[in-house]
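Residue strings, one per chain:
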Amino acid sequence: MAAVSLSTQRAVRWYPPAYDVRVEDVPMPCIEHPDDAIVKIKLAGLCGSDLHVYRGHEDVTSPCVCGHEFVGEVIALGDGFFVASPGRPDLYTTLKVGDRVVSPFTVSCGECHFCRAGITCRCIHSTLFGIPDLPGGQAQYVRVPKAGGTLFKLDTITSMLPPGKEPLADSSLLLLADILPTGVFAALQALQHPKVASIINGVPYPFNGFVPEGIVAPQHAQLHPEDRSLTFAVVGLGPVGVCAAVSLLEMLSEIRKKASLKFRVIAVDPNASRREKMQAVLTSISTDFDADTVTVADIPQAKDIVAHWTGAAGCNAVLEVVGNNSAISLAYELVRPFGLISSVGVHQAPQLPLTGREVYDKNVSFDFGRCPVRSMMPIAASILAKRQDVFGGIGEDASLIDRVVGLSEAVEMYEMFDKGRVGKVLFDPWR
Ligand SMILES: [Zn+2]
Ligand SMILES: [Zn+2]
């Protein structure tokens, strides 16, 4: 085991009950379990989810080191590494001190049933970084439990780049910790849903899935070309919403190469500055997607456009990326009968705004919940590498990242972020 000197480090700490973060010297993390890694942070993200704790909305009652998004370099590994580990995730054999890594925002062991099934967000060892149980990444160093299952080596992405292409910046790679995989998940959950897959595959219900033996699809059981059209809405255009919209467009254009299919996407937000950001992103990728395929709208416009596009039927799927009841109500309004709402927003309200009768009357499907980031990582990395025009910049019109600052500015950045006066901020803890 490589030694880590026992001393202190700088970190952003949150204090209860709310709106109180301080930059302090805290103990250096150390190896506590053979499967741990210690990572020296290069960059850490400030995320909309950090505001739930900041505002005192989570059930956190004791101080904690904040942050669940980070990229960095491995500086120490526990004794679970370097030994022959048949059946364990590869990184227990291959991860080395000095490797550059990104971590999902939750721990995933890679070895339990949920991890093996790809549902890494529900790992039996799952813990969120940035809570009292697991100090977060807005610091100089962080301890990563179950690191052979949790971490993702960044040199994997270098191999996805065309020869001669510049390696991706750490600021871009940081998007893999949470927001890009979450956007990919929102989109993929819709594209893989049987109700949407039926249109993609051109096979009407129920012949797009299991049917009892001896039941044969009638010869005419192919969708008409006019039925092979998909309309999606993305509700909420914060950074995750932009990631969801771009990921959806990327994957739909790939599907369109293989299947004779039309698609349209409407990106919706009541906030004008978020719509402007989405529009700037679409402008930067406009050679691939024209205005007839994708458009940005406020809420009343969205209702009109969806009705116009679909003959009042509604969207096949709505990606809900906000996590509140008005977003769910809008998603329900926009979705068509037998459609899907893919919700990745973190909901806090005690009750959803829909009645059983409303859900029944639309045959609507809901997929809620946290992104299995570790499983999404390869797909998210390929979209990241391909769409550097969106995910590569800092502080430009079409950039998701607004600025990179030192930890000394953390208190001010939390305040500004809370009030919507700054976009996505990254901390460089060595500035
Ligand atoms: Zn986050
Ligand atoms: Zn697991």
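Keep in mind that this is a model prediction, so the values were computed, not measured.

Rules of the game
- Every chain begins its residue count from 1, and numbering advances along the sequence as written.
- Written order decides the labels, with chains lettered from A and ligands numbered from 1.
- It should be noted that, the model being predicted, local features are given only for residues of pLDDT at least 70 and side-chain atom pairs only at 80 or more, the latter also being counted only at that level, while totals for whole chains, interfaces and linings use all residues.
- Numbered from the N terminus, helices here are DSSP runs of H or I no shorter than four residues, and strands are runs of E no shorter than two.
- For the radius of gyration, the atom set is restricted to C-alpha positions; the globular benchmark scales as 2.2 Å times the number of residues to the power 0.38.
- Exposure classes come from backbone-placed C-beta atoms, where a residue is buried if 20 or more other C-beta atoms lie within 10 Å of its own, exposed if 12 or fewer do, and partly exposed in between.
- Whether two residues are in contact depends on their C-beta atoms, placed from the backbone: they are in contact if these lie within 7 Å.
- Two strands qualify as a pair provided DSSP detects at least 2 bridges between them.
- UniProt positions are given in the numbering used here, feature names are shortened, and annotations may be inferred rather than shown by experiment.
- When we speak of the arc, we mean the arc of directions from the helix axis to the C-beta atoms.

Peer 1: Got a minute to help me understand the overall build of the protein chain in this structure?
Peer 2: Along the protein chain, the regular secondary structure elements total 16 helices and 16 strands. Over its C-alpha trace the protein chain gives a radius of gyration of 22 Å, about what one expects of a compact globule, namely 22 Å for 431 residues. Overall size of the protein chain, expressed as C-alpha extent along the three principal axes, is 70 × 50 × 50 Å. Looking at the protein chain as a whole, 46% of its 431 residues are labelled buried. Restricting the contact set of the protein chain to residue pairs at least 6 apart, pairs at least 24 apart contribute 73%.

Peer 1: I would appreciate a short explanation of the sheet that holds strand E2 (residues 21–27) in the present structure.
Peer 2: Either a parallel or an antiparallel arrangement is found when strands of a sheet pair, and the pairing is made through backbone hydrogen bonds. Read from one edge of the open sheet, three strands run E2-E1-E4, paired in antiparallel fashion. Here the strands that pair on one side only, and so sit at the sheet edges, are E2 and strand E4 (64–65). Note: strand E1 (residues 8–14) against E2, seven bridges, orientation antiparallel. Each bridged residue has a counterpart across the sheet, and for Gln9 the counterpart in E2 is Val26.

Peer 1: Just to check I follow, could you spell out the UniProt feature "domain: Alcohol dehydrogenase-like N-terminal" (unreviewed entry) in the protein chain for this structure?
Peer 2: Mapped onto the present numbering, the UniProt feature "domain: Alcohol dehydrogenase-like N-terminal" (unreviewed entry) falls on residues 34–148. The span residues 34–148 is 13% helix and 24% strand, and its two end C-alpha atoms sit 10 Å from each other.

Peer 1: What is the right way to read helix H16 (residues 410–418) from this model?
Peer 2: For an α-helix the count is 3.6 residues per turn, leaving residues at separations of three or four pointing the same way. The set of residues buried in H16 consists of Ala410, Met413, Tyr414 and Phe417. Across the axial projection of H16, the buried residues extend over an arc of 100 degrees, all falling on one side. Contacts made by the buried residues of H16 are with E1, E2, strand E3 (37–46), helix H1 (50–54), strand E15 (401–406) and strand E16 (424–428).

Peer 1: Would you mind going over the environment of Thr150 with me for this structure?
Peer 2: Looking at the element boundaries, Thr150 is found in helix H4 (residues 147–150). On a C-alpha basis, the gap between Thr150 and Ser103 in space is 6.4 Å, while along the polypeptide they are 47 residues apart.

Peer 1: Please explain the pairing of strand E6 (residues 100–103) as it appears in this structure.
Peer 2: It is a general feature of regular strands that their side chains alternate between the two faces of the sheet. As paired elements, strand E5 (residues 70–77) and E6 share four bridges and run antiparallel to each other. Bridging across to E6, Val71 finds its partner in Val102. Relative to strand E8 (residues 152–153), E6 is paired through two bridges, and the arrangement is antiparallel. Bridge pairing links Val101 to Lys153 in E8.

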